[in-house]
Amino acid sequence: MRTLSSFINGSWQTGTGRTSTLYSAVTGEPIAETSTAGLDLDGALNYARTTGGPNLRALSFTERGALLSAMSKSLRNHRDELIGLAADNMGATRGDAKFDIDGASGTLAYYAYLAKSLGDRNWLLDGEQVQVSRSKRFVGQHILTPRRGVAIHINAFNFPAWNMAEKAACALLAGVPVFEKPGTATSLVAWRIGQLWVEQAGLPDGAFSLLCGSVGQLLDHAQSQDCIVFTGSGDTAAKIKTHPNVISQNVPVNVEADSLNGAVLGPDIEPGSDTFHMFLTEVARELTQKAGQKCTAIRRILIPEALLEATLEGLGERLDQHVVGDPTDRKTTVGALSTPAQKRDVAAGIAALEASGARRVWGDPSAVPAAGYFVAPQVFLTNDGADAAFVHDHEVFGPVATVLPYDGTVAEAAKIIARGGGGLVTSVFSNDRNWAGPLLLELAPWHGRLMWGSAKVHDQGTGHGAVMPSLLHGGPGRAGGGAELGGERGLHFYLQRTAIQGDSALLKRVFGTAE
Ligand code: NAP
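What counts and how
- Residues numbered from 1 in each chain as written.
- Predicted model: local features only at pLDDT ≥ 70, side-chain atom pairs only at ≥ 80, totals over all residues.
- Heavy atoms only, no water.
- Helix = DSSP H or I, 4+ residues; strand = E, 2+ residues; numbered from the N terminus.
- Contact = heavy atoms within 4.5 Å.
- Phe/Tyr/Trp six-rings, centres within 6.5 Å; stacked < 30°, edge-to-face > 60°.
- Buried < 20%, exposed > 50% of the residue type's maximum accessible area, 1.4 Å probe, protein only.
- Domains from an automatic or database assignment.
- Buried area = accessible area lost by both parts, 1.4 Å probe.
- Polar contact = N/O pair within 3.5 Å; in protein donor to acceptor, adjacent residues only side chain to side chain.

Engineer: Please explain the side chain of Thr402 as it appears in this structure.
Structural biologist: Along the polypeptide, Thr402 turns up in strand β17 (residues 400-406). Dropping the residues within four chain positions of it, Thr402 is found in contact with Arg299, Arg300, Ile301, Leu353, Phe380, Leu381, Thr382 and Val391.

Right, here's the structure in full:
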């Protein structure tokens with residue numbers, strides 16, 4: 001059994017006292033343990049602030065980009081090893097593990113590339129000079145400079161590689177040291193990645209810290225120039241946002257929480273058409289990939305009543321092709337859930353879904369291996385539309401989705417989707433711009449991202465569930481109200497925006513002008 005350690009104060013350290021155990025998702029056997037008890041977390045944050053901060057700020061964007069490039073390369077060079085760890089610790093199939101690990105290396109590579117366009121400075125201009133008085137000489141200029149604290153990144157269990165890499169990419173490029181805290185239950189992958197980055201990425205002292213295990217009293221030591229970026233459940237987000245020290249120090253908190261993402265089939269779509277198949281592909285993939293443990297997975301499937309029978313038939317045919325089982329078997333397409341707690345929560349969610357009146361229209365709950373944390377993919381149906389309270393209020397974080405037949409109008413589709421209280425992403429499938437356009441405008445205030453599937457892009461899209469580093473990730477309301485990625489926008493949370501007023505010519509000399 002491995003003992004995982006934490007990388008703080010520039011060295012690997014092992015906690016003492018109470019340990020957390022990590023299990024194999026396939027056999028349920030213990031595989032590793034970790035502890036953060038007794039670690040000097042106050043000292044660790046200070047080390048990052050006082051050593052990592054100055055070291056990173058001394059580098060230009062181009063130089064920081066080179067670090068991200070090395071971090072990306074180390075993941076690519078150890079891809080198969082990381083895939084093996086993800087299979088064991090998370091029950092991830094090869095495809096599921098690649099989604100996480102390649103997402104991580106791809107996002108780092110994207111930001112390494114973006115760094116080149118930011119050049120040899122180490123701060124940013126925000127917009128052009130603004131005339132603020134009658135005199136043309138007296139102007140204001142907004143600039144963005146790296147915060148002087150630490151970026152505390154608290155991550156969810158389901159994306160140990162991507163979650164850590166996408167946050168680290170933005171913070172390090174902005175010039176802020178990172179303090180990564182992966183979800184404990186699946187921290188084996190994050191721990192190994194931490195080792196690779198420490199050994200191979202040439203990161204300056206203090207720029208990277210990794211805490212493997214419970215968060216302990218970490219937030220008691222956060223300061224006003226630090227920031228917290230959290231991904232996980234709404235309940236934990238509420239605890240972080242209301243933490244007394246976080247409130248008293250006004251530590252900025254960005255939250256990425258759960259989301260009841262939607263897929264809406266338009267009434268114009270003919271069964272058998274390209275767009276119909278695109279819809280089926282996306283819905284089937286989102287139900288089965290990572291055994292449904294994705295924040296972007298489609299949970300609510302809106303189908304016009306007139307197309308219900310044909311669509312359920314088509315979806316059933318797609319899903320019948322999936323095989324649940326040992327993630328290391330190449331025939332397997334649906335692996336296990338990652339933890340015993342996940343399996344318990346999903347079973348309770350399915351029972352509550354059924355108790356709410358939803359009926360199962362596809363899937364055999366008994367068709368799974370007995371050992372490990374397997375749950376069979378299942379599709380439910382309810383005719384309660386926007387009144388199906390459980391479906392719109394609870395995320396069952398596994399291979400489970402619910403079909404909601406609707407009358408085919410923009411108004412009803414928008415009402416049902418909005419009932420989810422704000423989400424990360426919804427996809428709309430239609431070739432009728434006069435129908436899809438108004439629906440997208442209705443859905444936009446409730447989402448950080450929308451995908452429009454149509455015949456024109458049926459074989460070209462990046463997919464409903466894939467988070468692209470160049471586009472915004474996050475969403476309002478239930479989704480946490482946060483914003484990450486989106487190209488250069490992803491750096492802004494780590495930078496302080498300041499308006500500097502003064503003489504136009506002097507400001508231009510010191511700060512230059514926006515291109
Ligand atoms: P979670 O239970 O809320 O845990 C998330 C992280 O918070 C873990 O690292 C956890 O550490 C830590 N934590 C627990 N209690 C804490 C506290 N009191 N103070 C500070 N940190 C604390 O969530 P999860 O089960 O890992 O993740 C599943 C959820 O994440 C799902 O709802 C999913 O939708 C959401 N998610 C959202 C996104 C997105 O981008 N929007 C992406 C992925 C997942 P321990 O592991 O040590 O308990």
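Resuming the write-up.
Engineer: What should I look at first to understand the packing of aromatic side chains in this one?
Structural biologist: Within a pair of aromatic rings, the relevant descriptors are the distance that separates the centres and the angle that separates the planes. Summed over all chains, the structure comprises 10 aromatic pairs. Between Phe99 and Phe159 the ring centres are 6.0 Å apart and the planes differ by 50 degrees, which places this aromatic pair in the tilted class. Taken together, the residues Phe99 in helix α4 (residues 94-118) and Phe159 in the loop between β8 (151-154) and α5 (162-174) connect sequence positions 60 residues apart. On the accessibility criterion, Phe159 (6% relative accessible area) is buried. Centre to centre, the rings of Phe157 and Phe397 are 5.9 Å apart; their planes meet at 85 degrees, and the pair counts as edge-to-face. Within this pair, whereas Phe157 is found in the loop between β8 and α5, its partner Phe397 is found in the loop between α12 (389-393) and β17, the two being separated by 240 residues in sequence. For the pair Phe157 and Phe397, one class covers both residues: buried. Site record: aromatic cluster; members linked through ring pairs are Phe7, Trp12, Trp197 and Phe208.

Engineer: In this structure, what is going on with the domain arrangement of the chain? I would like to understand it.
Structural biologist: A common measure of how large an interface is: the accessible area buried when the components associate. Taken domain by domain, the chain holds domain 1 (44-257 + 482-510) and domain 2 (261-479). When each unit is reduced to the centre of its C-alpha atoms, the spacing between domain 1 and domain 2 is 30 Å. Taken together, the contact between domain 1 and domain 2 spans 27 residues of the former and 33 residues of the latter. Summing both partners gives a buried area of about 2200 Å² for domain 1 against domain 2, and 59% of it is carried by carbon and sulfur. It is Asp96, Phe99 and Phe157 in domain 1 that bury the most area against domain 2; as a group they hold 23% of the surface buried on that side. In this structure, the connection of domain 1 to domain 2 is made through 11 residue pairs in polar contact (both at pLDDT 80 or more). Mapped by element, the contributors of at least two residues to the side of domain 1 that touches domain 2 are α3 (79-90), α4, β12 (253-256) and β21 (484-485).

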